[in-house]
Amino acid sequence: MPESAARTFHRLGTTEVPTDTRRLFGTAVVLGGSIAGLLAARVLADHAERVVVVERDEITGAPAPRPGVPQSTQVHTLLPGGRRQLDRWFDGFSREAVAAGAVQSGPDDLRVHYNGRLKVSTPDVDFLSSSRPFLEALVRRRTTSLPNVVAVRGRALGVELADGRVTGVRHETPEGETVRLDADFVVDAMGRSSRLGHWLAAAGWQQPGTRRMNIDVNYTTARFQRKESRPEVTTALAFWALDRLPADVAPAACSAIEDDQWMIMFGGFGDDAPGRTPEEFRRICRALPGTFADAVEGEMIGEIQPYKQADSRRRDYHLLDRFPARLVSVGDAVASFNPIYGQGMSSAALHASCLSEHLRSSPDLDAPARRFFALQRVVVDAAWQTSATPDLALPHVGGPYPRGYHLAKRLTDHVVDATVTDVEVSRRFNAVTEMRAHPSTLVTPGVVLRTLRATLRDRRDAVPS
Ligand SMILES: Cc1cc2nc3c(=O)[nH]c(=O)nc-3n(C[C@H](O)[C@H](O)[C@H](O)COP(=O)(O)OP(=O)(O)OC[C@H]3O[C@@H](n4cnc5c(N)ncnc54)[C@H](O)[C@@H]3O)c2cc1C
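Let me begin by describing the structure that accompanies this report. (Residues numbered from 1 in each chain as written. Predicted model: local features only at pLDDT ≥ 70, side-chain atom pairs only at ≥ 80, totals over all residues. Heavy atoms only, no water.)

## Quick look at unusual backbone geometry
Put simply, the rule reads: Going along the chain from the N terminus, every DSSP run of H or I of four or more residues is numbered as a helix, and every run of E of two or more is numbered as a strand. Under the scheme applied here, a residue whose accessible area is under 20% of the maximum for its type counts as buried, over 50% as exposed, and between as partly exposed, the area being computed with a 1.4 Å probe on protein chains only.
Backbone geometry places D163, a non-glycine residue, at a positive phi of 50°. Looking at the element boundaries, D163 is found in the loop between β8 (155–162) and β9 (165–172). Using a relative accessible area of 80% as the deciding quantity, one classes D163 as exposed. Although it is not a glycine, S362 sits at a positive phi angle of roughly 50°. For S362, a relative accessible area of 52% corresponds to the exposed category.

Right, dumping it as structure tokens:
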């Protein structure tokens, strides 16, 4: 009997450090040195004599936004599912991050508001907050300090293919010279604009189909100086059902991060781009729960940073009949979602787990990495289900709606409403949205029963006595 997606997802989320690794090849090359590429390089270091990470941007020592990751000025929440993987691949990662200034939030430090109501606290809350450049710099330092990993600067121009497999890559150095690198294994981690599909098509291979959902999400992020080093609440989130968004506020997140700063973001959809001036930013925060209002009392640091993402998209590598051997794709290059769900970095971390499982399964390296893509599909499907499906409720998203969508949406709305008051439903729901558990683990008689009770309780409480 085939293994269920929930079981596979659970196994990929393990925190056990593999001990059954062995050398499989000489040189592995990773194209793109951001979160997904660095994590893939960490895994490859267990299986290759040498791992070369080719990154187009100049990387300086201090954490800073860079052109290749334009979204890095925005709030980046590391979901617990991804954080576990960072601790798995880099011993003591969270401890090191906290020592360097990242802020840890447990059940007493986090406040989540849904449709204007404060949600119950669950005992297993464990968030780590920092800016994206801070987190990426830490991952880079840990990866490139491995003895067999090197990072080089270059813009990847293409992959070399022969006899049904990848044999090397070409990249351009900052001086404009084209360099060829022999490779026994290549990972595409070039982000959502990856050209891998085009390169394959140009070489006579199949190009993966791309599924897109227009979400038109507008982000606005600003940083403020924090008055207290350890405030009572370190993370506050305010969400609304996407089809019940009030007119004068916005879905918002406020996190204490390194350097005694607050990072605050708003999301808006379509023509709605809230908080683009300091006055408007502060005004919106003052209409939100107290943590937001307190945070904007401090000095604003730097400028307000806007960002727009037009679509969620996924490339279906797992559906290709023909694909070169010794080649895989990870991270946003395969799937990138509506950022308000904060899934991107954790997905990338779970793709690294897929790569590790694939390489530890004694794969036939001269055949396409189908097992890898099948494992990765489980992660992508799960993330897509928890983000793209709710996004179908956005007024400007016109489908296509899967069969049974409207009934499933009504049930899901009840479950989400129940998370406001029911600890157990909330705990299970968080495990899914934090990428610690597969979405199917929410559909149990226990959750349905508790949801029903919470719905009835809410209705009873809403009736004026
Ligand atoms: C507004 C916004 C907010 C977000 N918030 C969150 C969040 O809260 N939590 C979360 O987990 N995720 C969040 N994400 C998603 C997250 O940013 C991505 O999922 C994550 O960065 C993916 O990592 P990646 O390594 O796959 O790609 P990227 O980070 O996009 O990196 C791609 C890398 O490839 C390099 N590259 C590209 N082309 C070439 C080439 N030809 N040669 C060499 N190098 C190349 C680039 O320079 C870059 O370093 C957010 C995204 C957006 C847009």
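## Comments concerning the pairing of strand β14 (residues 252–257)
Formally: One requirement defines pairing of two strands: DSSP has to find at least two bridges between them.
The buried fraction of β14 is high, at six of six residues. Because side chains alternate across β14, one face comprises the buried residues A252, C254 and A256, and the other comprises A253, S255 and I257, equally buried. Both strand β13 (residues 235–239) and β14 contribute to a ladder of four bridges, which runs antiparallel. Its bridge partner being in β14, L237 is matched across the sheet by A253. Linking β14 back to strand β15 (residues 261–269) in an antiparallel pair, the connection comprises three residues, with D259 at a positive phi of about 60°.

## What to know about the site of the ligand
Inclusion rule: Neighbouring residues are identified by heavy atoms, a residue being near a molecule or strand if any of them is within 4 Å of it. Two N or O atoms form a polar contact when they lie within 3.5 Å of each other; inside protein one atom must be a possible hydrogen donor and the other a possible acceptor, and for residues adjacent in sequence the pair counts only when both atoms belong to side chains. Surface accessibility in these figures is a Shrake-Rupley result with a 1.4 Å probe; residues are shielded only by whichever protein chains are displayed. Note on residue categories: nonpolar means Ala, Val, Leu, Ile, Met, Phe, Trp, Tyr, Cys or Pro, charged means Asp, Glu, Lys or Arg, and polar means any other residue, Gly included.
S34, E55, T77, R132 and D332 are the nearest of the 34 residues found near the ligand. A distance of 2.9 Å separates an oxygen atom of the ligand from a polar backbone atom of A36. Measuring from an oxygen atom of the ligand, one finds a backbone N or O atom of G342 at 3.2 Å. When the free accessible area of the ligand is taken as 1000 Å², the share hidden by the protein chains comes to 95%. Looking at the shell around the ligand, the elements with two or more residues in it are α2 (35–44), β2 (48–55), β8, β16 (300–315) and α9 (344–359). Residues of the shell around the ligand, tallied by class, amount to twelve nonpolar, 15 polar and seven charged.

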